[in-house]
Amino acid sequence: MRPGAGRHARSGKPAGQPGSSPSLAGSFSADFTASIVVFLVALPLCIGVAAASGVNVALGIVTGIVGGLIVGFLPGSSLQVSGPAAGLAVLVLGFVNEHGVAMLGPVVLISGLLQMGLGLLRMGRIFQSISVSVVQGMLAGIGVPLILSQIYAVVDTPQLGTALKNIAGLPELVADVVSDRQKALALLLGVMAVALCFLWRKVPAPLSKVPAPLVAVILGSAIAALPGFEIKKVAFDNMLTAIDFVGPSDMGGIFDPAILTMIFTFTVIASAESLFSAAAVDRMHTGPRTKYNKELFSQGVGNTICGFLGALPMTAVIVRSAANVQAGAKTKVSRILHGVWLLGFGLLLPGMLGLIPITILAGVLLHAGWKLFNPPAFAQMWKTDRAEGAVMFVTTLAIVVTNLLEGVLIGLALAVILTAMRMSKMTVRKTVEGDLTRLELKGNATFLRLPRLIDTLESLSGENRVLVDGTGISHLDLACRSQIEEWADQHRKAGAEYVEVLLPGDATPKSAEEQETMDETVDARHDRLPDTVGAASSSPSEPARPHAPELEPAHYHAPTHAHLVHGGPHARQHPSGHGSHGPGNTRPVHPQPHHAPQPAYIPSQGEPLPAAHDERAVRNSGEGTRR
């Protein structure tokens, strides 16, 4: 054996070269630095999401800690970071206002268990199959209500509830800001926070390496401490006392239909947002790819623990994950350490949180909501595919008008209908060949094309001889097949001389009545046959039969006495006493493979038979007339 070629041979790549594993010391140094960056990004977001959700801000930090110290260890994705998500803030706020904070824990706990089950059932990949237009519409639909709610928080005013109510209250909000000096000052601080989040990346390095939300929080807190500013600040209790463990007595209300709906909504949205984030993070680095089923299970573990602690629901968050990758993280150590820093801050420095103005956090979340809304994505989607752009717009509008779950379901239904319409392209070609009207159908004949098919068939009602050729149909559903067959039966009963239908998969006539009708049609055609085959082939009243030998089913009836019934040839005795081989001969004519039976040589009355009067001579004489 060649040296180095064994099963356990090393790759031979020197350390530091592409493809080799980074040194332990080098990776830890990079991960340590990245963890500080992620912590500085996550801290204001954890606090801001908790404040926007209407719960104790300590619970946002608890969820961030679980995302770092628990989910950070678990398999799935190595570099994406989990914590409380801005996208769920509006949903949580509505739930807490309606059902109370005490029910939040049980709902999050059950949602986590469902996520674990979905991961074990290997359902993670299903979330990747959702239409891009629905996904972007969902994110935009999350962003718009978040923006509307934080507009009120920026001016230290409670929001009114739903997105539509917040829109209706904007004129009154403007009037309040104009008449109230403190609200005007709060607005200025909030606008400053938004501007810093948008423009900070243009600041020259190394200053731009500091996270913009952290800069906004530090600068805003310093300004709010000046005399004359009487704006609301974060109210932070002890983190340990904020935890409310869920017990069996707290699970009694989970069977309420509204609670079950919220469990389902949390499960779907949290799973989708986490896996969409994983797909985005994978495009940012060249390291190991996300294992979606394991990641879904890990998110379920995190939410189960957060629910048990009575904290906020968790997702993988693209903002923190992107900061982790851009800071140079190499392994999952960075996200674990960011959880350590959150835990230390929450336990040792809780008083510092009381210096942060609410308006600053609202400004940070306004920036996050705008990134979720992403208006340029609408123009890009419309330019790429107008139908998909319409789905994206309708999904967003439906979420704003109704709620997150119903809006997503509406978007999914519209996307499915769009896909079905595109898959149901059917072309119809009508031609006239002598006195025979031929209708050729191609493509996918589904129930969505049924109205067009009915109109087309009804346009043939006045035709006496019709051939419906559906052998070019790629997919024929039951609705269209039944419609074609029913129309053919009705047209025959109405007195049409010749009606034939060729459909994919057919090998025999559908029924005895259809067979009898076709037999009578062939008898009538035989009575009109000329005395010679040559005359029959040139007669203007007998147009050439369409030739499709490989597609024609066995029951196609050519002008002959040999019929194929259920695949077998059966001779038919003409009333005049002349069979297909001459007077008194009833031997069947066997068709050639892949061709419908053709007329053999039929002598006129009184014409002598060929000299070699045997079966071979008659068959050979008939072959010369086949088309």
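These figures come from a predicted structure and were not determined experimentally. (Residues numbered from 1 in each chain as written. Predicted model: local features only at pLDDT ≥ 70, side-chain atom pairs only at ≥ 80, totals over all residues. Heavy atoms only, no water.)

A. Structural view of the overall build of the protein. Along its length, the protein carries 23 helices and 10 strands. Across the 627 residues in the protein, those meeting the buried criterion constitute 48%. Total accessible area on the protein is roughly 30100 Å²; 63% of this is exposed by carbon and sulfur atoms. (Helix = DSSP H or I, 4+ residues; strand = E, 2+ residues; numbered from the N terminus. Buried < 20%, exposed > 50% of the residue type's maximum accessible area, 1.4 Å probe, protein only. Areas by Shrake-Rupley, 256 points an atom, 1.4 Å probe, with all protein chains shown as cover.)

B. Spatial organisation of the pattern of salt bridges. Applying the stated criterion across every chain, the model contains eight salt bridges. Notably, a salt bridge pairs D385 with R422, separated by 2.7 Å at the nearest N-O pair. Taken together, the residues D385 in the loop between α16 (375-384) and α17 (386-401) and R422 in helix α18 (residues 404-423) connect sequence positions 37 residues apart. The salt bridge involving E440 is made with K442; its shortest N-O contact spans 3.5 Å. On the basis of relative accessibility, which here comes to 17%, the residue E440 falls in the buried class. Exposure remark for K442: the relative accessible area of 41% places this residue in the partly exposed category. One network of salt bridges, with partners in common, ties together D385, E388 and R422. (Salt bridge = Lys/Arg side-chain N within 4 Å of Asp/Glu carboxyl O.)

C. Broad picture of the packing of helix α9 (residues 212-224) against helix α15 (residues 358-373). Running from N to C, α9 and α15 cross one another at 160°; their axes reach a closest spacing of 9 Å. Viewed along their axes, α9 and α15 adopt a mutual orientation that is roughly antiparallel. Every pair of crossing elements has a handedness; the one defined by α9 and α15 is right-handed. Contacts from P213, A216, V217 and G220 of α9 reach α15 at I360, L361 and V364. Within the contact of α9 with α15, the residues separate by chemical class into six nonpolar, one polar and no charged. (Axes fitted to C-alpha atoms, helices over the stretch in contact; angles between N-to-C directions. Parallel < 35°, antiparallel > 145°, perpendicular 65-115°, else oblique. Left-handed = near helix turned anticlockwise from the far one by under 90°. Contact = heavy atoms within 4.5 Å. Nonpolar A, V, L, I, M, F, W, Y, C, P; charged D, E, K, R; others polar.)

D. Up close: helix α4 (residues 104-120). In a regular helix each residue adds 1.5 Å, so 17 residues correspond to 24 Å; α4 covers 25 Å between its end C-alpha atoms and thus fits that length. Listing the buried residues of α4 in full gives L104, G105, P106, V107, V108, L109, I110, S111, G112, Q115, M116 and G119. At its buried positions, α4 is contacted by α3 (89-99), α11 (257-282) and α12 (292-308). One or two steps after α4, the chain reaches R122, where phi turns positive at roughly 60°. (Expected span 1.5 Å × (residues − 1).)

E. Here's a closer look at the packing of helix α5 (residues 132-154) against α16. One way to put it is that α5 packs onto α16 with a least axis distance of 11 Å and a crossing angle of 160°. One way to sum up the angle between α5 and α16 is to call them roughly antiparallel. Every pair of crossing elements has a handedness; the one defined by α5 and α16 is left-handed. On α16, the residues touching V132, S133, Q136 and A140 of α5 are A377, F378 and M381.

F. Summary view of the nonpolar core. Counting residues in hydrophobic clusters, the biggest one holds 79 residues, and the most contacted among them are I47, I61, L104, M138, F236, F266 and L404. A total of 10 residues in this core trace back to one element, the largest contributor, which is α11. The contact partners of F236, leaving out residues within four places of it in the chain, are V57, A58, I61, G346, P350 and L353. Formed by 20 residues, the second largest nonpolar core is a distinct cluster that contains L439, A445, L460 and V501. (Core = buried A, V, L, I, M, F, W, Y, C linked by side-chain atoms within 4.5 Å.)

G. Layout of the sheet that holds strand β3 (residues 426-433). Spatially, β3-β4-β5-β6 is the arrangement adopted by the four strands of the open sheet, whose pairing is mixed. With one partner strand each, in any of the chains shown, β3 and β6 (498-502) form the two edges of the open sheet. Taken pair by pair, the neighbouring strands of this sheet meet at an average axis angle of 10°, ignoring direction. Both β3 and strand β4 (residues 436-445) contribute to a ladder of eight bridges, which runs antiparallel. Across the sheet, residue E433 finds its bridge partner in β4, namely L436. (Pairing = 2+ DSSP bridges.)

H. Summary view of the packing of aromatic side chains. Overall, the coordinates contain seven aromatic pairs when judged by the stated rule. Ring centres of F28 and F32 lie 6.3 Å apart, and the angle between their planes is 35°; on these two criteria the pair is classed as tilted. Of this pair, F28 and F32 both sit in helix α1 (residues 24-53), four residues apart, which is roughly one turn of the helix. A relative accessible area of 45% means that F28 is categorised as partly exposed. (Phe/Tyr/Trp six-rings, centres within 6.5 Å; stacked < 30°, edge-to-face > 60°.)

I. A nonpolar patch on the surface, seen in detail. Residues L164, I167, F393, V394, L397, V401 and I410 make up a contiguous nonpolar surface patch of roughly 580 Å² in combined accessible area. Secondary structure elements with two or more residues in the nonpolar patch: α6 (163-168) and α17. Broken down by element, the residue count for the nonpolar patch peaks at four residues, all from α17. Among the secondary structure elements, I167 is positioned in helix α6. Take I167: its relative accessible area is 40%, and that puts it in the partly exposed class. (Patch = residues over 30% accessible without salt bridge, like charges linked within 9 Å, V, L, I, M, F, W, Y side chains within 5 Å.)

J. Spatial organisation of α11. Between its first and last C-alpha, α11 extends 38 Å over 26 residues, near the 38 Å set by a 1.5 Å rise per residue. Among the 26 residues in α11, 19 count as buried, and that is most of the element. The residue sitting at the N-terminus of α11 and contributing the capping side-chain oxygen is D256; that oxygen lies 2.8 Å from the backbone nitrogen of A258. (Polar contact = N/O pair within 3.5 Å; in protein donor to acceptor, adjacent residues only side chain to side chain.)

K. Spotlight on the side chain of N166. Note that N166 resides in helix α6. With a relative accessible area of 1%, N166 lands in the buried category.

L. Seen up close, the confidence of the model for the protein. When pLDDT is averaged across the protein, the result is 78; 76% of the residues are at 70 or more. Scored below 50 in pLDDT, residues 508-512 shows eight contacts in the model against residues more than four places distant or in partner chains. Long-range and interchain partners of residues 529-627, a stretch whose pLDDT sits below 50, account for 144 contacts in this model, where long-range means more than four residues apart. (pLDDT = per-residue confidence, 0-100.)

M. Highlighting the environment of A362. Relative to the helices and strands, A362 resides in helix α15. Sequence separation of A362 and A153 is 209 residues, and the distance between their C-alpha atoms is 5.8 Å.

N. Structural detail: the environment of N464. Its location among the elements puts N464 in the loop between α19 (450-458) and β5 (465-476). Along the sequence, N464 and A494 sit 30 residues apart, while their C-alpha atoms lie 9.7 Å from each other. Filtering out sequence-adjacent residues up to four positions away, N464 remains in contact with G495, A496, E497 and Y498. Polar contacts involving the side chain of N464 include one to the main-chain amide nitrogen of E497, which spans 3.0 Å.

O. The arrangement of the side chain of T359 in detail. Its place among the elements puts T359 in helix α15. Beyond its immediate sequence surroundings of up to four residues, T359 is in contact with A153, V154, D156, A186, L189, G190 and I231.

P. Quick peek at unusual backbone geometry. Cis geometry marks the peptide bond from A205 to P206; its omega dihedral reads 5°. Here P206 is to be found in the loop between α8 (181-199) and α9. Look at D156: it is not a glycine, yet its phi comes out positive at around 55°. Counting through the fold element by element, D156 comes out in the loop between α5 and α6. D156 gets classed as buried once you look at its relative accessible area, which sits at 13%. For N374, which is not glycine, the phi dihedral falls at a positive 50°. By the secondary structure assignment, N374 is in the loop between α15 and α16. What makes N374 partly exposed here is its relative accessible area of 36%.

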